[in-house]
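Fold and contact review
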Amino acid sequence: MLGGLLPPSAAVVEAFADAAEPPALFPEEAAHVARAVESRRAEFATVRGCARDALASLGGPRVPLLPGERGAPGWPEGFVGSMTHCRGYRGAAVARAGELASVGIDAEPDEPLPNEGLLETIALPAERAALPRLNAMRPGVSWDRLLFSAKESVYKAWFPLTRKWLDFEEARIDIDPEAGTFTATLLVPGPVVGGVRLPAFSGRFLAERGLVVTAIAVPHSS
């Protein structure tokens, strides 16, 4: 699913279930999830197996991938990437740092957000106002959940470039349901990439197999 959303320079590996014997973890990774429930340990191992396979396909090392500041995974020097997991999906996207400045991916079940309060928390008034139009143009997609996913991808692309928090209300998402794209206009000063301050991120999305998947690849220059 992710392969069609990112440029060829990004290596993508996905899994739609955890194997009976999930990929082996490095000792420090195993320690990180030692007290987690079995399902959490399995998804943690599977998504890191995906990430290591993606790294290896680019000539990268098979190394521990530990959550760091604000949960962002630590990638080996010379690489950028992103991981995501939800019910029925685990995926990783990795690129050489010389090819892309940052990557952000997210997957969610194609189901409505669990309550109206969550939508109020994550969505700006203009974003909420756009949902009926999106539902009318393309019924059958949980646009509120896709909006949430897009904002998660924005944060994952943003944080490695800034090392700063980005609130939900600090980026406005505009979705083109026919093109399968979205624009995230940054409502705070954007990161500087290649000497240029970025005003927005461009992303792509897919809704199929009971999932909504969003992805952002930040180039070094526009």
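Here goes a summary of the coordinates provided. Source: prediction; values computed, not measured.

**What to know about the packing of helix α4 (residues 125-137) against helix α5 (residues 143-162)**
Where α4 meets α5, the axes come as close as 9 Å, and the angle between the chain directions of the two elements is 130°. Classified by the angle their axes make, α4 and α5 are oblique. Note on packing geometry: the crossing formed by α4 with α5 is right-handed. Where α4 approaches α5, its residues Glu127, Leu131, Leu134 and Asn135 are matched on the opposing element by Trp143, Asp144, Leu147 and Lys151.

**Thoughts on the sheet that holds strand β2 (residues 79-86)**
Strand order in the open sheet formed by three strands is β1-β3-β2, and the pairing between neighbours is antiparallel. The outermost strands of the open sheet, each flanked by one partner alone, are β1 (11-15) and β2. Across this sheet, the average inter-strand angle for adjacent strands is 10°, counted without regard to direction. Both β2 and strand β3 (residues 89-96) contribute to a ladder of eight bridges, which runs antiparallel. Across the sheet, the residue bridging to glycine 81 is valine 94, located in β3.

**Observations concerning helix α2 (residues 38-57)**
Here α2 contains 20 residues, and its C-alpha end-to-end distance of 29 Å stays within 8% of the 28 Å for a straight helix at 1.5 Å per residue. After α2 finishes, the residue glycine 59 shows a positive phi value of roughly 85°.

**Focus on the pattern of salt bridges**
Two side chains bearing opposite charge may form a pair once their charged atoms approach each other closely. In total, this model carries twelve salt bridges according to the counting rule given. The partner of glutamate 111 in a salt bridge is arginine 87, and the shortest N-O contact between them spans 2.4 Å. Here glutamate 111 is found in the loop between β4 (102-109) and α3 (116-122), whereas its partner arginine 87 is found in the loop between β2 and β3, with 24 residues between them in sequence. Arginine 87 gets classed as exposed once you look at its relative accessible area, which sits at 57%. Salt bridges linked by common partners bring Asp18, Arg40, Glu43 and Arg90 together as one network.

**Side note on the sheet that holds β4**
The five strands are arranged β4-β10-β9-β6-β5 in an open sheet whose pairing can be described as antiparallel. The open sheet terminates on both sides in strands that have one partner only, identified here as β4 and β5 (171-176). Each adjacent strand pair in this sheet contributes to an overall mean axis angle of 20°, direction not counted. The sheet contact formed by strand β9 (residues 200-208) and strand β10 (residues 211-218) spans six bridges and is antiparallel. Within the sheet, the bridge partner assigned to arginine 204 lies in β10 and is alanine 215.

**Description of the pairing of β9**
Burial of the side chains of β9 is restricted to one face: Phe201, Gly203, Phe205 and Ala207 are buried, whereas none of Ala200, Ser202, Arg204, Leu206 and Glu208 on the reverse face is. Bridge count between strand β6 (residues 181-186) and β9: five bridges; the pairing is antiparallel. Paired with threonine 185 across the strands is alanine 200, a residue of β9. Connecting β9 to the next strand, β10, in antiparallel fashion are two residues, including arginine 209 with a positive phi near 55°.

Conventions used here
- Residues numbered from 1 in each chain as written.
- Predicted model: local features only at pLDDT ≥ 70, side-chain atom pairs only at ≥ 80, totals over all residues.
- Heavy atoms only, no water.
- Axes fitted to C-alpha atoms, helices over the stretch in contact; angles between N-to-C directions.
- Helix = DSSP H or I, 4+ residues; strand = E, 2+ residues; numbered from the N terminus.
- Parallel < 35°, antiparallel > 145°, perpendicular 65-115°, else oblique.
- Left-handed = near helix turned anticlockwise from the far one by under 90°.
- Contact = heavy atoms within 4.5 Å.
- Pairing = 2+ DSSP bridges.
- Expected span 1.5 Å × (residues − 1).
- Salt bridge = Lys/Arg side-chain N within 4 Å of Asp/Glu carboxyl O.
- Buried < 20%, exposed > 50% of the residue type's maximum accessible area, 1.4 Å probe, protein only.

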